[in-house]
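These are the residues of each chain, in order.
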Amino acid sequence: MRRLNRAMSMLTGRELILLAACVVITIAFASASPVFATPENAATIMRNSVELLLIGLGMTLLLAMGGIDVSIGVVMGLSAIAVGRALGADLDPALAAVIGPLTGALLGLVTAAVVVLGRIPAIVGTLGLLGIYRTAIFVVLGGQWLSGLPTGLTEMLGTGLAGVPLSFWMIALAYLAVWLALRRTPFGLHLLAIGNSEEKARLSGISVIKVRFAAFVISGMLAGLAATFYVATYRNVEMSTGSTLALDAIAAVVLGGTSILGGRCSLVGTVLGVLLLRILQNGLLLIGVPSLWQTVVTGGLLIAVLSLEVLAGRLSFSKLGWASR
Amino acid sequence: MNRLRSLHGPALVLAILAVLWVVVLGGLFVLKPTALSAATMTTVLQFSTILALAALGQALVILAGGAGIDLSVGGSVSLSAILAMLALKAGMPPLLLPVACIVAGLLLGLFNGLLVTRLAILPLIATLGTFFAYSGLALALTGGAPQPGVPQWLLPWGRGTLGGVPLPFVSAALPAFVLAGIVLVFTAWGRWIYAMGFNERSARLVGIPVDRTRLILYGLSGMLAGVAGLVSLAWFGSGRPNIGQNLELESLTAAMLGGIAIFGGRGGVGGVLAAVVLLVTLKTGLLQLNVNTVWQVGIVGALLIFVLLADRLSQRWR
């Protein structure tokens, strides 16, 4: 019991609310659909969360720094094509697996060059890149799908370690590495400082360009890693692969309590945000809501949470008798 | 010197855009001489109308600063057209269709404005959320199918021309730009917009109602999107749930290309209109040359980045 208490106290209010929300909607969907609360469906939800967990991790870094990348889903798409092409060319699966993160990191480098070196606001710069990458995907694929790829990569990554899928271990490793970087190295402190105020961070001697550059490259690399798992699971790549992932990631990270104004981030919150989003999407589909409604739900949830956060903040301020803002 | 530069700024932008436009037309003439005709120009202006209206709203929102941006313009265009058509289907008198479409756009824009001003949510996140909500709703409410049944009397306006210039362009886009230009340059309210874009703190200190002005501008952007939705209805004769696709990227590019500073407070609307015509000429030219439409989004994206990089470099060299 005491251990449980300690575990609970490690979670912030926001994370507890998310956890509660996950439980509530799980119970609601379980009572509405007989298929929802089955081990198979739980596995499906976990499986569907893999890419978003990795991309959400990168997005957490970007948002905490006051940045954003709306092209990140398409970066995963392009990396997936690279992995697929490598597999199609009968490359060794281990090599093909590395090509994903490598391509992602390379594209992250491009994003960083445009946004950081070009000093273009991240939202505008990555929106431009999104357009370019979408054309690039079309050109590279030639209007066709990559499908029926060799099974080598699938077999390699399909193995489990101690009964748990390899993807889970990789995700845990990635989160641990980022957590250590954030909490135990100057990088994390600098990143959050830039999120608070880029000007003040620069004045206090932080190498703003280096830190921002690194964050964009890491985010790209994580998207590339997600691409490797995507190809291993689905063994095909189409034009629209990854097109909704950027919004999903932004929504999940914001849900998780990372402040878009920078300076505050929560990795546990991101994980819970991803799970909440994927449970919601899966459950809505199972109770018969057409998939066209998914973007409406995600967009609406994003707005609702941000609005409620502000309103609740104001309420508690006025209760304590503080001047509002 | 400062005065000289501010006088020359807009003129310089227009001159550069004119040169680029001639280059694009020249390139088209070399590659496909038959494509260059009066009819092509009519087509360009017809296609320009919707983008022009969306880009004007985008430009005004950005001009007012405060990290202002309206990523939801495309979604607002689609959703206002769809909402108006659904209302028509539900029994609304057809005469009210234009009003319904414009009011729907206005409300969608005001919702953005409330999120940004009253709740102080960062514009890029607020309008990213509403972009997905609006464009998603337009698709979800219709199942992705076009909504037929636009009243016949609306079509002559959407498809007619006046001396080779499409009617929607003459009667909607052009007056909107002229009006916006006059308001920005000659009225106190217009000066407020520049002032708050240039330095919001000072604007607040001198008593400019920054939040109210910004709320109105987001509403205006939505209303212009509603007008654009109406133009699409009168032009195609049906409500297309994806009519606003890519408009967020294109309107941003047009605004940046037209000399609006991304951080606000600098730029004019004349350049935006010129940039819209340039963009659409480029797109039409590519279409004439049988280049796949997927290339358009990439070229527009590259143009957006190029313009912003060029702006940075020119500032450094100045």
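Source: prediction; values computed, not measured.

**Focus on the overall build of chain A**
A tally of regular secondary structure across chain A gives 14 helices and two strands. Its C-alpha radius of gyration of 20 Å places chain A within 12% of the 20 Å reference for a compact globule of 325 residues. Overall size of chain A, expressed as C-alpha extent along the three principal axes, is 65 × 55 × 40 Å. Burial status across chain A gives 47% buried among its 325 residues. At a minimum sequence separation of 6, the contacts of chain A that also span at least 24 residues come to 79%.

**A word on the overall build of chain B**
On a plain count of helices and strands, chain B comes out with 13 helices and four strands. Projected onto its principal axes, the C-alpha coordinates of chain B cover approximately 55 × 55 × 35 Å. By the burial criterion, 53% of the 318 residues in chain B qualify as buried. Across chain B, contacts joining residues at least 24 apart in sequence account for 81% of those joining residues at least 6 apart.

**Looking at the packing of helix α4 (residues 72-88) of chain A against helix α12 (residues 245-255) of chain A**
Residue and element names in this part refer to chain A. Following both chains from N to C, one finds α4 and α12 inclined at 130°, their axes separated by 6 Å at the closest point. When the axis of α4 is compared with that of α12, the two are oblique. Residue-level inspection shows I72, G73 and M76 of α4 in contact with α12, the latter providing L245, A246 and A249. Along the lines of polarity and charge, the residues of the contact of α4 with α12 split into five nonpolar, one polar and no charged.

**Topic: α12(A)**
Given 3.6 residues to a turn, an α-helix orients residues that are three or four positions apart in the same direction. Residue and element names in this part refer to chain A. Across the eleven residues of α12, eleven count as buried, placing the element largely inside the fold. Buried within α12 we find L245, A246, L247, D248, A249, I250, A251, A252, V253, V254 and L255. Positive phi appears at G257, one or two residues downstream of α12, with a value of about 100°.

**Examining the packing of helix α11 (residues 247-257) of chain B against helix α12 (residues 269-288) of chain B**
Residues and elements named next belong to chain B. Running from amino to carboxyl end, α11 crosses α12 at an angle of 125°, the nearest separation of the two axes being 7 Å. With respect to their mutual orientation, α11 and α12 come out oblique. Two packed elements cross with a definite hand, and for α11 against α12 that hand is right-handed. Of the residues in α12, those in contact with E250, T253, A254, A255 and L257 of α11 are V272, A275, V276, L278 and L279. Grouping the amino acids of the contact of α11 with α12 by side-chain chemistry returns eight nonpolar, one polar and one charged.

**Some points on α4(A)**
When the terminal C-alpha atoms of α4(A) are compared, their 24 Å separation across 17 residues agrees well with the 24 Å that a helix rising 1.5 Å per residue should span. The first or second residue beyond α4(A) is D90(A), which carries a positive phi of 60°.

**Details of the interface of chain B and chain A**
In this complex, chain B contributes 35 residues to the contact, which on the side of chain A involves 37 residues. Elements with a contribution of two residues or more to the side of chain B that touches chain A: α5 (123-142), α11 and α13 (294-317) of chain B.

**Here we look at the nonpolar core**
In terms of nonpolar packing, the biggest core is built from 206 residues, with I55(A), A226(A), L53(B), A54(B), L56(B), V272(B) and V276(B) touching the most fellow members. At 16 residues, helix α11 (residues 208-234) of chain A tops the list of elements feeding residues into this core. The contacts of A226(A), once residues within four sequence positions are left out, are V50(A), E51(A), L54(A), I55(A) and M76(A).

**A closer look at the confidence of the model for chain A**
Confidence in the prediction for chain A averages 87 pLDDT; 93% of positions are at 70 or higher. Low pLDDT, under 50, characterises residues 319-325 of chain A; the stretch is placed with four contacts to residues that sit more than four places away or in other chains.

The rules behind each value
Residues numbered from 1 in each chain as written. Chains lettered and ligands numbered in written order. Predicted model: local features only at pLDDT ≥ 70, side-chain atom pairs only at ≥ 80, totals over all residues. Helix = DSSP H or I, 4+ residues; strand = E, 2+ residues; numbered from the N terminus. Rg over C-alpha atoms; globule rule 2.2 N^0.38 Å. Buried ≥ 20, exposed ≤ 12 C-beta atoms within 10 Å, placed from the backbone. Contact = placed C-beta atoms within 7 Å. Axes fitted to C-alpha atoms, helices over the stretch in contact; angles between N-to-C directions. Parallel < 35°, antiparallel > 145°, perpendicular 65-115°, else oblique. Nonpolar A, V, L, I, M, F, W, Y, C, P; charged D, E, K, R; others polar. Left-handed = near helix turned anticlockwise from the far one by under 90°. Expected span 1.5 Å × (residues − 1). Core = buried A, V, L, I, M, F, W, Y, C linked by C-beta atoms within 7 Å. pLDDT = per-residue confidence, 0-100.

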